[in-house]
Amino acid sequence: MIRRVIPTWLFIALAIAGVVVLLMSYEFLSQRQTRINPKQTTIPSFEKLGQGVKRMFARQGSDENPKPAMFWTDMRATLWRLLVGLGVGILASVIVGVMMGAYRWIEAPLSPIVMFLSKIPPTGMMPIYFAIAGTDQRMFTSMVALGIFFGMTQAIYQAVRDNVTDEAINKAYTLGASESEVIYEVIWKQILPNVLDCIRAQIGPAMIFLIAAEMVVSDAGLGYQIRMQSRVLNMNIVFVYLFVLGMIGVIAEYSLLWLRRRICPWFDGT
Amino acid sequence: MKMFFQSHRRSAVLASLCVGLSLAALSGCGGSKPASSGSNASSSNGSAGSVAQSSSGSTAKPATFSLAWSEYPSWSIFGVADEVGLINGKEGEMGSIEKKYNVDIKLILATYDSCITLYGNSQADGVCITNIDILGASGSRNSVGILPTSTSAGADACIVAGINSLDELAGKSTRGLEKSVSQYCFERCLEKLGKNPADFPFSQMDPEQAALAFQGKNDGINSIMVWNPFVMQSLRSRTDSKVLFSSETIPEEIIDMVVVGKDSLSKPGGEAFAKAVIETFYLMNKRMADPKTSDETLVGIGARFAKLELDDMKTIVQQTKFFSQPSDAVRLFGDERFQKETMPLVSKFCVKYGLTPQAVELSYGDGKGMMEFSTKYVSDYLDSQNQK
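Residues numbered from 1 in each chain as written. Chains lettered and ligands numbered in written order. Predicted model: local features only at pLDDT ≥ 70, side-chain atom pairs only at ≥ 80, totals over all residues.

1. Details of the overall build of chain A
Formally: Helical segments are the DSSP runs of H or I of at least four residues, strand segments are the runs of E of at least two, and each set is numbered from the N terminus. Backbone-placed C-beta atoms define the burial measure: a residue is buried with 20 or more other C-beta atoms within 10 Å of its own, exposed with 12 or fewer, and partly exposed in between. Once C-beta atoms are placed from the backbone, any two residues with those atoms within 7 Å are in contact.
When its secondary structure is counted, chain A shows 11 helices and 2 strands. Its helices and strands taken in sequence order, chain A reads α-α-β-β-α-α-α-α-α-α-α-α-α from the N to the C terminus. Dimensions of chain A, computed from the C-alpha atoms along their principal axes, are close to 75 × 55 × 40 Å. By residue count, 36% of the 270 residues in chain A fall in the buried class. For chain A, restricting intrachain contacts to residue pairs at least 6 apart in sequence, the fraction spanning at least 24 positions comes to 68%.

2. Here's the deal with unusual backbone geometry
Residues and elements named next belong to chain B. Here the residue pair Asn-228 and Pro-229 is connected by a cis peptide bond, since its omega of 10° sits within 30 degrees of zero. As for its placement among the helices and strands, Pro-229 is situated in the loop between β8 (223–227) and α9 (230–237). Even without being a glycine, Ser-122 presents a positive backbone phi close to 60°. Inspection of the secondary structure puts Ser-122 in the loop between α4 (112–120) and β3 (126–130). Judged by the 20 C-beta atoms lying within 10 Å of it, Ser-122 is buried. Positive phi, normally seen in glycine, also occurs at Lys-179, with a value near 50°. Structurally, Lys-179 can be placed in the loop between β6 (174–176) and α7 (181–192).

3. Let's talk about the sheet that holds strand β7 (residues 202–204) of chain B
Residues and elements named next belong to chain B. Using the following cut-off: The criterion for strand pairing is that DSSP finds at least two bridges linking the strands in question. Axis definition: a line fitted to C-alpha atoms, over the contacting stretch in the case of helices. Angles run 0 to 180 degrees between N-to-C directions.
With mixed pairing, 5 strands are arranged side by side in an open sheet as β7-β6-β8-β5-β9. Edge positions in the sheet fall to β7 and β9 (241–246), since each of these pairs with one other strand and no more. Each strand of the sheet is rotated relative to its neighbour by a mean of 30°, with strand direction disregarded. Pairing of strand β5 (residues 156–161) with β8, which is carried by 5 bridges, proceeds in the antiparallel orientation. Pairing of Cys-158 across the sheet is with Met-225, part of β8. The strands touched by α7 within the sheet are β5, β6, β7, β8 and β9, with β8 carrying the most contacts at an inclination of about 120°. Of the strands in this sheet, β5, β6 and β8 touch helix α8 (residues 207–215), which is tilted by about 135° from β8.

Next comes the structure, spelled out in structure tokens:
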């Protein structure tokens, strides 16, 4: 029967079984590939992956002048770019989105532009970003921020129009709220869970734009290292980096869900 | 109900992640035994292009072998050979040389570093690559250099704007493909010009994008180390730019060539593939040398090489010296300087930048080593020509 409830222990057991089967088939493929070419690095064994991890965390630089391990240098670069880009993008799209939802005279000139630009894949616009924003932090920030801006603005402005009822606004006015109070106390608080969901949905695309840009131009970062290591055929490092990218996504997803439950408990209940 | 499902899912995800991680860690520590390598290494068929029966001649269905190439004067030749019908780059379709050798050649056009990844991961049987980058790849796959196609004599260049001397470049960042032929050329030229490469920072950027950014007069990009066509395009579109130094400083150190995996060569049809590629290359060189077909061929290569016109192509061919005769190939791979000086330098570079964990064993025609420079197939071609 569709959607029949299964016991919790079975659900967990099946979830574990899925991962175990995945790991076992990986090991099988790896051994098969090694039989074909003993030197292969395409599907590294778990032992080789372990060596990859070791190299990622190996100490760099000299004793007098130690440098952080490769992995930490890359993580710092990527996370910083991602956070700054997301921060700028979210802030801008919340402001513009709420304004568009609140005032028709802002909505009118902006909505066709936002609608259209949100459809252009930002990775396709990469050469333009290089040309106008250079190749340093500014480029990564604008890439990620603009990459998520249009889609997110669109979603937030729609949330304001659909989720904030006229009654709520009129009630606030009747009770003597000023315009800015309506925007903050009514509109903002009402759409906050939507904003958090929007962010959750945009982290994936933001990572795509960032990794793509890092692959083309960068001295450090997860995308840079993935391209570099795959050219020198160290797939054992590439795979671990991909795993890390997955973990960043999982952690971001669950922390945002947790945050939403925490600050908007009313939203899940309804 | 919804809450119940949610909590289900969360704990399941967490539990399976934990179990997965500990499993991976366990089997990593336990040291899964590498599969036996020696005795039955050749027992299983390779993944690409195996045929039903061994070399029983022209009646068997021809095996398919793939050649990954990127746009470069002496490699775009294969793209033009496809156009003039010597080979047909589509899988399952045959050009005249493919028919002669009864082998199906599949051409894969990709960017330079994608070609390396494809080849190293056995997704291509052969690859167009330089003598620098192949050392990294041969760590994953035993390789045979079957054909040197050209050497860079100005085709790799450091182009600057607003910088007038090497001393002014010191401390300023140069952009280019890191840990590759570009960085090798950069460092070797500086060394030869009496400078310490450590004083000249080099940072990673895709060569095509670096050239575009340079042409767009981007802040902070005043020096790039790229290869043709980017050299020519950049010089042309920025009047204030000039070549600071180029691969002319290090003649015959950067060798462009065709490399085939040893595993692919030993497959049925593998040697025919090597010979077909070699014959195609020399036939195309004849067409370039012949006054009747020369311009037409150059225009063809230009179309497959960044859409360059005839005059540009004539310059390009100057900066990229083709090994147009089989004797050139035999001379180069047998050359004392190539074996005793150039390749050890390259090998040192690869270890220094982690392209290879340790020096790759090189060999010159005795069938050994992780990377072998072989003139066997070129010599075979030469013999077959002499018999005619």
